[in-house]
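# Overview (structure and organization)
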Amino acid sequence: MDNKMALVPYDYSAVWGLQKFHKSSSVYHFANHTIQIKQNWRQLGVAAVVWDAAVVLCTYLEMGSIDLQGRSVIELGAGTGLLGIVATLLV
């Protein structure tokens, strides 16, 4: 069996819920924009996919719960950068 290491042993055929990470790109709609993010799990691993937590936080920011006007925002360890892109579009 050809196992790969991510954060835990990972077998491409065993985990149904992670199939979306193997798509070459994902499309999102935030801040009245369509954002296409290219992904490359096989080459770059966990840093090259959009994780659900980033999408949830983008949705939270878009709801206006936090006012980003006039603020500096730093994005740390966010993989593909979707969160930073959305934060920039909301300013």
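Structure shown above.
Residues numbered from 1 in each chain as written. Predicted model: local features only at pLDDT ≥ 70, side-chain atom pairs only at ≥ 80, totals over all residues. Heavy atoms only, no water.

Here we come to helix α2 (residues 52-62). Looking only at α2, the buried set comprises Ala 54, Cys 58 and Leu 61. All buried residues of α2 lie within an arc of 65° about the axis, which places them on one face of the element. Exposed side of α2, more than 90 degrees from the buried face: Ala 53 and Val 56 are the residues found there. Following α2 by one or two positions, Gly 64 has its phi on the positive side, about 85°. (Buried < 20%, exposed > 50% of the residue type's maximum accessible area, 1.4 Å probe, protein only. Helix = DSSP H or I, 4+ residues; strand = E, 2+ residues; numbered from the N terminus. Arc of directions from axis to C-beta.)

Moving on, we come to helix α3 (residues 82-90). Along α3, the positions that sit buried rather than exposed are Leu 82, Leu 83, Gly 84, Val 86 and Ala 87. Of the surrounding secondary structure, the elements contacted by the buried residues of α3 are β3 (25-30), β4 (33-38) and α2. (Contact = heavy atoms within 4.5 Å.)

Attention now moves to the nonpolar core. Phe 30 and Leu 82 are the most contacted members of the largest nonpolar core, which totals 13 residues. Top contributing element to this core by residue count: α3, with four residues. Filtering out sequence-adjacent residues up to four positions away, Phe 30 remains in contact with Ile 35, Val 55, Cys 58, Thr 59, Glu 62, Leu 82, Val 86 and Leu 89. (Core = buried A, V, L, I, M, F, W, Y, C linked by side-chain atoms within 4.5 Å.)

Quick look at the packing of α2 against α3 now. Axis separation between α2 and α3 bottoms out at 9 Å; the angle between their running directions is 10°. For the element pair α2 / α3, the angle class is roughly parallel. Contacts between α2 and α3 pair Val 55, Leu 57, Cys 58, Leu 61 and Glu 62 from the former with Leu 82, Leu 83, Val 86, Ala 87 and Leu 90 from the latter. Tallied by class, residues from the contact of α2 with α3 come to nine nonpolar, no polar and one charged. (Axes fitted to C-alpha atoms, helices over the stretch in contact; angles between N-to-C directions. Parallel < 35°, antiparallel > 145°, perpendicular 65-115°, else oblique. Nonpolar A, V, L, I, M, F, W, Y, C, P; charged D, E, K, R; others polar.)

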